[in-house]
Amino acid sequence: MTQTNLDLVSTSAPQAREPQGAAVELARAQLWPIVLWAVALPATWYWGEWLGEQGYDLVLAGSQPFLGGFNLEIEPGILMVLALAAAAVIYLPTLAQSLGWRPLLVTGWLAASAWTLALTTVRGTEDLTLPLTKADDYLRVVPLADADLSEFVATFTDDILDYPTHVKGHPPGLVVFLTLLARIGVTSDVAIALMYVFVGTSALAAVAVTVKILAGEEMFRRAMPVVVVVPAAVWIGTSPDAFFAGVLAWGVAFLAMAHRNLWWALPGGVLLGMCPFLSYGLLPMGVILLAVVFVQRDWIATAVCAGVALLVPVGWALAGFTLYEGIFATQTAWELDAASVRPYWYFAIANLVVLATLVGPAALAGLPGSGSLPAPVKWLIWLALFGALFGSLSGYMRGEVERIWLPLVYWIALAAAVPGPRRRWVAASVPVALACQIFIASQW
């Protein structure tokens with residue numbers, strides 16, 4: 001072999017190995033969060049069992065870190081779920097790239113709604129409305145609020161201990177909204193359940209609009225197939241927190257849209273201003289909107305949106321309810337509730353395991369490489385993660401975050417734009433959602 005040939009071998013071999021080595025490193029980076037989650041999930045269950053033996057009460061019915069208990073039942077409804085899962089794996093990756101933008105939004109929204117409804121009714125259609133009829137739900141208070149709505153709002157903090165668990169754990173916003181719906185004739189449990197689902201899944205479209213304005217539609221197209229089938233769909237079904245997710249997501253989207261048309265700052269301000277009157281947990285979760293503010297740097301749109309948002313608490317104060325008094329009263333109610341005895345450190349960690357389950361393996365695989373995404377998308381993901389971490393470490397979210405953190409899921413799931421091929425990751429997300437629905441007897 002000549003010297004020239006030797007030089008060719010010595011220079012070309014490392015170059016041939018370099019792409020392969022980079023691929024291996026990428027695969028490892030995507031794999032370790034999934035492995036960590038797969039180990040942490042059973043570990044938190046065993047940890048919870050051990051804590052129970054030590055005398056701690058997790059108040060989770062044995063399915064820790066989730067609430068609901070175990071209840072394995074295979075019903076005929078699983079056939080619909082499997083059919084939709086197969087369709088998602090086969091068609092969603094192609095549709096995400098081939099559809100026009102508006103058809104893509106509608107398709108994603110309807111597909112996410114169908115996936116959620118199929119999972120929710122896998123044991124029977126009655127599961128769609130069952131959570132709404134329980135003694136601790138919001139609808140129990142609607143007749144009382146309907147009798148004198150202004151009195152209900154003005155005396156809410158005084159009478160908070162007399163209300164069901166979910167009502168006294170939240171501001172009165174949702175009860176007021178449900179009461180107004182009842183006054184125009186919307187009283188059907190089915191109608192309200194469908195409202196929760198469709199408003200909750202519409203957050204997917206709101207996230208898409210935000211991402212397109214800030215970073216271009218390609219980023220959402222890459223993530224969309226996985227975002228549609230996130231395991232969180234199990235809890236989006238008939239959970240009021242899904243409704244909260246839609247309100248927050250559209251508030252952020254309208255703020256982003258106001259950069260192009262200032263009028264969108266008005267509905268954006270109304271929705272964002274309403275968020276803390278629906279759930280106090282939306283206060284730390286609302287940090288997501290900072291991505292829009294600092295990426296666009298449209299201070300006029302931001303000021304108009306903020307001004308409108310500030311009018312909302314003024315209106316509530318005139319009606320007799322203030323956030324300060326509400327938070328203080330709810331904290332008092334929480335300290336008297338069974339949830340307050342749940343061990344802090346267990347849930348500070350277990351909550352994050354639940355979050356990993358909600359967003360699914362594709363988002364987990366993408367998180368280590370999310371720094372390579374365009375800055376706006378990166379900040380949407382990281383701010384959503386910060387909101388979850390802050391809530392978990394605050395000590396007031398001790399369990400049940402599978403519903404509380406629904407407003408964060410679609411934003412974090414944008415990390416699924418990092419790993420490829422799409423079909424593989426859609427196929428990986430589907431069994432996680434199915435397992436959660438089949439094994440966990442969730443209250444939502």
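All values derive from a computational prediction rather than experimental measurement.

## Considerations on unusual backbone geometry
Thinking step 1. In this chain, Gln 64 is followed by Pro 65 through a cis amide linkage whose omega measures 10°.
Thinking step 2. Assignment of secondary structure puts Pro 65 in the loop between helix H1 (3–53) and helix H2 (78–98).
Thinking step 3. At Thr 238, a position not held by glycine, the phi torsion is positive, near 65°.
Thinking step 4. The backbone phi angle of Arg 297 is positive, close to 50°, even though this residue is not glycine.
Thinking step 5. With respect to the secondary-structure elements, Arg 297 resides in the loop between helix H14 (289–296) and helix H15 (299–319).
Thinking step 6. Of the residues examined, Arg 297 reaches a relative accessible area of 53% and is grouped as exposed.

## Notes on helix H18 (residues 375–394)
Thinking step 1. With 20 residues, H18 extends 28 Å from end C-alpha to end C-alpha; this agrees with the ideal 28 Å at 1.5 Å per step.
Thinking step 2. Taken residue by residue, H18 has Pro 376, Val 377, Lys 378, Leu 380, Ile 381, Leu 383, Ala 384, Gly 387, Ala 388, Gly 391 and Ser 392 as its buried positions.

## Some points on the layout of surface pockets
Thinking step 1. Estimated volume of the largest pocket: approximately 910 Å³.
Thinking step 2. Taken together, 35 residues make up the lining of the largest pocket; nearest its centre are Gly 169, Thr 330, Trp 334, Tyr 396 and Ile 404.
Thinking step 3. Of all elements in the fold, only helix H6 (165–168), helix H13 (282–285), helix H16 (323–335), H18 and helix H19 (401–404) reach the threshold of two or more residues within the lining of the largest pocket.
Thinking step 4. The leading source of residues in the lining of the largest pocket is H16, at 5 residues.
Thinking step 5. Across the lining of the largest pocket, the residue classes tally to 15 nonpolar, 12 polar and 8 charged.
Thinking step 6. Approximately 430 Å³ is the volume found for the second largest pocket.
Thinking step 7. The wall of the second largest pocket is formed by 17 residues, among which Leu 352, Ala 356, Leu 364, Leu 367 and Leu 385 lie closest to the centre.
Thinking step 8. Every element with two or more residues in the lining of the second largest pocket is listed here: H1, helix H17 (344–366) and H18.

## Some remarks on the side chain of Gln 64
Thinking step 1. Tracing the backbone shows Gln 64 in the loop between H1 and H2.
Thinking step 2. What makes Gln 64 buried here is its relative accessible area of 5%.
Thinking step 3. At a separation of 3.1 Å, a polar atom in the side chain of Gln 64 contacts the main-chain carbonyl oxygen of Trp 45.
Thinking step 4. Of note is the side chain of Gln 64, whose polar atom sits 2.9 Å from the side chain of Glu 49.
Thinking step 5. Once you skip the residues sitting within four places of it in the chain, Gln 64 turns out to touch Thr 44, Trp 45, Gly 48, Glu 49, Leu 58 and Tyr 346.

## Examining a nonpolar patch on the surface
Thinking step 1. There is a patch of nonpolar side chains on the surface, built from Phe 70, Leu 72, Ile 74 and Phe 439 and spanning about 450 Å² of accessible area.
Thinking step 2. Its place among the elements puts Ile 74 in the loop between H1 and H2.

## Observations regarding the nonpolar core
Thinking step 1. Core analysis: the largest hydrophobic core is formed by 146 residues, its most contacted members being Phe 152, Leu 178, Trp 405 and Leu 414.
Thinking step 2. Residues in contact with Leu 178, not counting those within four places in the same chain, are Tyr 138, Leu 139, Val 142, Ile 192, Met 195 and Tyr 196.

## Observations regarding the environment of Ala 333
Thinking step 1. Of note, Ala 333 is situated in helix H16.
Thinking step 2. Take Ala 333: its relative accessible area is 5%, and that puts it in the buried class.
Thinking step 3. Among all residues touching Ala 333, those that are not within four sequence positions of it are Leu 161 and Lys 168.

## Considerations on the side chain of Ser 429
Thinking step 1. Inspection of the secondary structure assignment puts Ser 429 in helix H21 (residues 422–439).
Thinking step 2. Each residue touching Ser 429, except ones within four places of it in the same chain, is listed here: Val 226, Val 229, Pro 231, Pro 361 and Ala 362.

## Side note on the packing of aromatic side chains
Thinking step 1. This structure, assessed with the given rule, holds 21 aromatic pairs.
Thinking step 2. Relative to Phe 198, the ring of Trp 109 lies with its centre 6.3 Å away and its plane at 90°, an arrangement referred to as edge-to-face. Pair noted here: Trp 109 is in helix H3 (residues 101–120) and Phe 198 is in helix H8 (residues 189–215), with a separation of 89 residues, a long-range link.
Thinking step 3. Among the residues examined, Trp 109 registers a relative accessible area of 30% and is labelled partly exposed.

Reading the values: the criteria
Residues numbered from 1 in each chain as written. Predicted model: local features only at pLDDT ≥ 70, side-chain atom pairs only at ≥ 80, totals over all residues. Heavy atoms only, no water. Helix = DSSP H or I, 4+ residues; strand = E, 2+ residues; numbered from the N terminus. Buried < 20%, exposed > 50% of the residue type's maximum accessible area, 1.4 Å probe, protein only. Expected span 1.5 Å × (residues − 1). 1 Å grid on protein atoms, 1.4 Å probe; cavity = no way out; pocket = protein on both sides within 12 Å on 5 of 7 lines; lining within 4 Å. Points joined across faces, edges and corners; volume = space filled by probe spheres on them. Nonpolar A, V, L, I, M, F, W, Y, C, P; charged D, E, K, R; others polar. Polar contact = N/O pair within 3.5 Å; in protein donor to acceptor, adjacent residues only side chain to side chain. Contact = heavy atoms within 4.5 Å. Patch = residues over 30% accessible without salt bridge, like charges linked within 9 Å, V, L, I, M, F, W, Y side chains within 5 Å. Areas by Shrake-Rupley, 256 points an atom, 1.4 Å probe, with all protein chains shown as cover. Salt bridge = Lys/Arg side-chain N within 4 Å of Asp/Glu carboxyl O. Core = buried A, V, L, I, M, F, W, Y, C linked by side-chain atoms within 4.5 Å. Phe/Tyr/Trp six-rings, centres within 6.5 Å; stacked < 30°, edge-to-face > 60°.

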